[in-house]
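Chain by chain, the residues run as shown.
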Amino acid sequence: MYALIDGNSFYASCERVFRPDLKNKAIVVLSNNDGCVVARSAEAKALGIKMGVPYFQVQHFERQGRLKVFSSNYELYADLSRRMMETISSLVPAIEVYSIDECFADLSGMANLSKIGHQIKERVYRWVGIPTCVGIAPTKTLAKFCNYLAKKYQTHFDGVLVWTDLPKERQLKAMDSEAVDEVWGIGRRIGAKLKAQNINTVLDFYNANTAMIRRQFGVVLERTQRELQGISCDTLHPQEDNRQHIVRSRSFGRTVNDIEALQAAVTHHIA
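Description of the structure in this document. (Residues numbered from 1 in each chain as written. Predicted model: local features only at pLDDT ≥ 70, side-chain atom pairs only at ≥ 80, totals over all residues. Heavy atoms only, no water.)

Right, let's get into the packing of helix α4 (residues 74-89) against helix α5 (residues 113-127). It is the contact of α4 with α5, at a shortest axis distance of 9 Å, that shows an interaxial angle of 140°. Between α4 and α5, the crossing angle belongs to the class labelled oblique. Crossing of α4 over α5 shows right-handed handedness. Between α4 and α5, the contacting residues are Met84, Thr87 and Ile88 on the first element and Ile120, Arg123, Val124 and Trp127 on the second. Its residues assigned to classes, the contact of α4 with α5 comprises five nonpolar, one polar and one charged. (Axes fitted to C-alpha atoms, helices over the stretch in contact; angles between N-to-C directions. Helix = DSSP H or I, 4+ residues; strand = E, 2+ residues; numbered from the N terminus. Parallel < 35°, antiparallel > 145°, perpendicular 65-115°, else oblique. Left-handed = near helix turned anticlockwise from the far one by under 90°. Contact = heavy atoms within 4.5 Å. Nonpolar A, V, L, I, M, F, W, Y, C, P; charged D, E, K, R; others polar.)

Looking now at the pattern of salt bridges. For the structure on display, the rule yields 13 salt bridges. Between Arg214 and Glu222 there is a salt bridge; the shortest N-O distance is 3.1 Å. Residue class for Arg214 comes out partly exposed when judged on its relative accessible area of 48%. Through salt bridges with shared partners, a single network forms among Asp79, Arg82, Arg83 and Glu86. (Salt bridge = Lys/Arg side-chain N within 4 Å of Asp/Glu carboxyl O. Buried < 20%, exposed > 50% of the residue type's maximum accessible area, 1.4 Å probe, protein only.)

Shown next as structure tokens:
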């Protein structure tokens with residue numbers, strides 16, 4: 001069994017750790033050079049602020065006192081991420097750090113999985129101050145899907161969902177209620193190709209012909225389907241892989257319609 005633990009609105013939650021006065025306040029964190037929104041609290045989402053929107057388009061919320069805006073502080077986020085992972089490690093045999101705000105945990109042989117999920121959630125919040133959601137399932141893909149459902153329906157599941165605790169009919173209903181591109185590893189492009197073949201929901205993908213999936217989309221997507229069906233095709237990787245690339249991003253502070261201005265900026269940053 002695997003657990004996927006994910007920090008909720010991680011960058012925004014990090015800013016709240018040392019600012020308890022910001023509880024229940026709308027928060028956004030901006031990208032490098034304060035170009036666009038890269039993290040939003042639930043309250044900011046409720047204001048209709050979209051991920052990636054340029055900062056100047058949300059400044060009016062800040063001027064109205066309805067929004068708190070932070071520049072990125074990656075040293076803070078990395079430190080709290082480390083503390084979060086160490087806290088999770090204190091409760092499970094092994095973890096695989098997947099990103100700065102989420103990790104997989106090995107729960108093999110452990111009993112009362114719902115209780116363990118709540119212990120992880122509560123300890124991370126108590127020791128680090130970061131709210132989390134936990135999805136637990138027999139495969140990593142299903143654990144990811146459970147985490148998504150636990151986050152989407154936090155009030156119902158209290159932030160923790162164990163796939164095997166759901167009756168089969170509820171599992172199928174949950175898969176039928178979500179679009180196919182909510183499955184880990186299926187992005188918009190592959191999702192669009194699947195939808196063109198009338199594979200619209202997670203349940204459609206679960207029931208799709210496996211030979212067809214492999215023939216048209218390759219073995220990686222076939223493994224994704226098998227993981228969704230409860231067949232584990234990917235184990236835990238406790239040792240973090242060496243990074244193969246690094247990204248340095250910049251964005252404009254306003255809408256650019258002049259090709260020469262765009263060319264000048266691209267040329268400058270490439271140089």
